[in-house]
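Chains, contacts and geometry: an overview
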Amino acid sequence: MLARQRQTTILERVRAEGGVRVTELAAEFGVSDMTIRRDLETLHEQGLLAKVHGGATVAGPGSTDEPGFRAKSVRQSAEKTAIAEHAAGLVRPGAAIALSAGTTTAELARRLVDVPALTVVTNSLPVAEILHVGGRPDQTVVLTGGVRTPSDALVGPLAVAAIAALHLDLLFLGVHGISERAGFTTPNLMEADTNRALVAAADALVVLADHTKWGTVGISSIVGLEAADVLVTDDRLTPDARRVLEDRVGELVTVPATRGAA
């Protein structure tokens, strides 16, 4: 395959899946990692995609780019399903938990509708809707209130004030990006404040993030990597990322990415 043909195929893959990994492309095309990196550099220089650690993602405005909930929900669906299935096993009947905004936490919510006597605090409109429509009558859903973001999160002073009065057993946090330097990040400044309030209110923090979040950096850090008691991701995480995270988070859990696939 000629370089231009390979680059066209790579660009199509990025646009369809939201991101690609150097190692996977090299194996697929039967070329070296360096060849794929040169392809990505060429496409990056043309403004057609954004290079990240270990791969590339859809080109966007940068660290403040905030895709809508619907756009994010179609990305890495198998990985998110597998992550949510594992996370659901951490929830016990009668617990008081929080689910932050995000498509992976929404997948988790779908798996919590049958948990008895559960109290769920959330700043996510989709999460609240899932539990309101499908949940048990003995469940309690607390929606924080606040200003709505493009990703259907409720943020700002009202949300922070509501969360500050609460004491929770467990927080499941969805994030925009994970970086060795910046920690867990978001592209929305007010959402970072709201997420930090959720972290402060919970006895334990479980971060839910698929492998494509590694190397992505939003404009605002939520907390450092060390703050996570557990990070649940999928087994497509790069070896370099795995080494960093195993050293920094309390527990790294990787689930098979095909587990949730149809």
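Quantities reported herein were computed from a predicted structural model and do not represent experimental measurements.

Quick notes on the sheet that holds strand S3 (residues 55-58)
Spatially, S1-S3-S2 is the arrangement adopted by the 3 strands of the open sheet, whose pairing is antiparallel. Two strands close off the open sheet at either side, each with one partner strand: strand S1 (19-21) and strand S2 (49-52). Taking each pair of neighbouring strands and ignoring which way they run, the sheet shows an average axis angle of 20 degrees. Alignment of S2 against S3, held across 4 bridges, turns out to be antiparallel. Following the sheet pairing, valine 52 is matched in S3 by glycine 55. Contacts from helix H2 (residues 22-29) reach S1 and S3 within the one sheet, and its direction differs from that of S1 by about 70 degrees. Running over the sheet, helix H3 (residues 33-45) touches S1, S2 and S3 and is turned about 135 degrees from S2.

Quick look at the pattern of salt bridges
Counting across every chain of the model gives 12 salt bridges. Across the salt bridge formed by arginine 13 and glutamate 28, the nearest N and O atoms sit 2.7 Å from each other. Placement of arginine 13 in helix H1 (residues 3-17) and of glutamate 28 in helix H2 is noted, with a sequence separation of 15 residues between them. The partly exposed category is assigned to arginine 13, whose relative accessible area is 23%. Residue class for glutamate 28 comes out partly exposed when judged on its relative accessible area of 45%.

Let's talk about the nonpolar core
Membership of the largest hydrophobic core comes to 30 residues, with the highest contact counts inside it found for Ile178, Phe184, Val207, Leu231 and Leu245. Elements represented by at least two residues in this core include exactly strand S4 (96-99), strand S9 (170-174), helix H9 (189-201), strand S12 (205-208), strand S13 (220-223) and helix H10 (239-248). A total of 4 residues in this core trace back to one element, the largest contributor, which is H9. Other than its neighbours up to four places away in sequence, isoleucine 178 contacts Gly183, Phe184, Ala209, Lys213, Trp214, Gly215, Thr216, Leu225, Leu231 and Leu245. Counting 28 residues, the second largest nonpolar core, distinct from the first, contains Ala82, Ala95, Ile97 and Leu112.

A few points about the layout of surface pockets
Approximately 200 Å³ is the volume found for the second largest pocket. Lining the second largest pocket are 13 residues; nearest its centre among them are Val22, Arg37, His53, Gly54 and Gly55. For the lining of the second largest pocket, a count of residues per class yields 4 nonpolar, 5 polar and 4 charged. Counting contributing residues, the lining of the second largest pocket receives three or more from each of domain 1 (3-60) and domain 2 (70-255).

Focus: the domain arrangement of the protein chain
When cut into domains, the protein chain gives domain 1 (3-60) and domain 2 (70-255). A separation of 29 Å is found between the C-alpha centroids of domain 1 and domain 2. Between domain 1 and domain 2, the contact holds 5 residues from the first and 9 residues from the second. For the pair domain 1 and domain 2, the summed buried surface comes to about 750 Å²; carbon and sulfur atoms form 44% of the total. For domain 1, the biggest contributors to the area lost against domain 2 are Arg21, Glu24 and His53; these three give 59% of the whole. Between domain 1 and domain 2 we count 1 salt bridge in total. In this structure, arginine 236 engages glutamate 24 in a salt bridge whose closest nitrogen and oxygen atoms are separated by 2.8 Å.

Brief notes about the side chain of arginine 6
As for its placement among the helices and strands, arginine 6 is situated in helix H1. A residue is classified by how much of its surface remains accessible, and arginine 6, at 8% relative accessible area, is buried. Residues in contact with arginine 6, not counting those within four places in the same chain, are Met1, Phe29, Val31, Thr35, Ile36 and Asp39.

Cut-offs used in this document
- Residues numbered from 1 in each chain as written.
- Predicted model: local features only at pLDDT ≥ 70, side-chain atom pairs only at ≥ 80, totals over all residues.
- Heavy atoms only, no water.
- Pairing = 2+ DSSP bridges.
- Helix = DSSP H or I, 4+ residues; strand = E, 2+ residues; numbered from the N terminus.
- Axes fitted to C-alpha atoms, helices over the stretch in contact; angles between N-to-C directions.
- Contact = heavy atoms within 4.5 Å.
- Salt bridge = Lys/Arg side-chain N within 4 Å of Asp/Glu carboxyl O.
- Buried < 20%, exposed > 50% of the residue type's maximum accessible area, 1.4 Å probe, protein only.
- Core = buried A, V, L, I, M, F, W, Y, C linked by side-chain atoms within 4.5 Å.
- 1 Å grid on protein atoms, 1.4 Å probe; cavity = no way out; pocket = protein on both sides within 12 Å on 5 of 7 lines; lining within 4 Å.
- Points joined across faces, edges and corners; volume = space filled by probe spheres on them.
- Nonpolar A, V, L, I, M, F, W, Y, C, P; charged D, E, K, R; others polar.
- Domains from an automatic or database assignment.
- Buried area = accessible area lost by both parts, 1.4 Å probe.

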